[in-house]
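Each chain is listed here by its residues.
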Amino acid sequence: MVTATDAVRAGDWREAVRAAASALVDAGAAGEGYPAACVRVVEENGPYIVLTKGLALVHARPEDGGLAVGVGVTRLAAPVEFGHPDNDPVDLLLAFCTPDADAHVGTLSGLARALSGGLADRLRAASGQDDMARTLKEAVPDA
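Scope of this entry: the structure provided in the associated data block. (Residues numbered from 1 in each chain as written. Predicted model: local features only at pLDDT ≥ 70, side-chain atom pairs only at ≥ 80, totals over all residues. Heavy atoms only, no water.)

1. Structural notes on the sheet that holds strand β4 (residues 70-80)
The strands that make up a sheet pair up through hydrogen bonds in the backbone, lying either parallel or antiparallel.
Here's step 1: Sheet architecture is open: 5 strands sit in the order β1-β4-β5-β3-β2, paired in mixed fashion. The open sheet has two edge strands, β1 (2-8) and β2 (50-52), and neither has a second partner. Direction aside, the axes of adjacent strands within the sheet are offset by 25° on average.
Here's step 2: In terms of strand pairing, strand β3 (residues 55-58) meets strand β5 (residues 90-97) through 4 bridges, oriented parallel. Opposite V58, over in β5, you have A95 as the bridge partner.
Here's step 3: Sheet contacts for helix α5 (residues 129-139): β1, β4 and β5; angle to β1, the most-contacted strand, approximately 140°. (Pairing = 2+ DSSP bridges. Helix = DSSP H or I, 4+ residues; strand = E, 2+ residues; numbered from the N terminus. Axes fitted to C-alpha atoms, helices over the stretch in contact; angles between N-to-C directions. Contact = heavy atoms within 4.5 Å.)

So, in structure tokens, the structure goes:
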């Protein structure tokens, strides 16, 4: 299941994370508590989810509300700071959820391959939500 949201307004990283994870809830891939769980991940572990310049990988554990394999992209109207020493500010969030640990590892692996192949640049260059969703689905066909 793939989702895309564009020009999302967020006042801070918490709002950005909630928006990205809420798209998975709206798609039926995650339960209602998933966005709050994704915020807790950053509160408890710091901004390690900011993987590269301007990109955060929003997620929580499968038992925190993953109902199906879901991957979403959220492009922000204006970047937000996560407090990462090298990769702030963030303008692009990839959110994912899975129903179990095996799917979690597989989805994460697929996203890592896609990102190393230039996915973030293609998503930033996409012309809107439909183009973003199509680009993400091509990059992560199992989602």
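2. Regarding the environment of L115
Here's step 1: Mapped onto the fold, L115 is located in helix α3 (residues 101-116).
Here's step 2: Remark: the alpha-carbon pair of L115 and W13, spanning 102 residues in sequence, is separated by 21 Å.
Here's step 3: Beyond its immediate sequence surroundings of up to four residues, L115 is in contact with L51, L55, L94 and A120.

3. Some remarks on the side chain of T107
Here's step 1: With respect to the secondary-structure elements, T107 resides in helix α3.
Here's step 2: Here T107 is in contact with V69, V71, F96 and T98, once residues within four sequence places are set aside.

4. Some remarks on the side chain of T135
Here's step 1: Along the chain, T135 falls in helix α5.
Here's step 2: Residue classification places T135 among the buried residues on the basis of a relative accessible area of 11%.
Here's step 3: Beyond its immediate chain neighbours, meaning those up to four positions away, T135 contacts L119, R122 and L123. (Buried < 20%, exposed > 50% of the residue type's maximum accessible area, 1.4 Å probe, protein only.)

5. Details of the environment of D6
Here's step 1: Within the secondary structure layout, D6 lies in strand β1.
Here's step 2: The class for D6 is partly exposed, based on a relative accessible area of 25%.
Here's step 3: When the C-alpha positions of D6 and M132 are compared, they lie 8.4 Å apart, and in sequence the two are 126 residues distant.
Here's step 4: Those residues in contact with D6 that sit more than four places away from it in its chain are R75, G128, Q129 and M132.
Here's step 5: Looking at D6, its side chain comes within polar contact range of the side chain of R75, at 2.7 Å. (Polar contact = N/O pair within 3.5 Å; in protein donor to acceptor, adjacent residues only side chain to side chain.)

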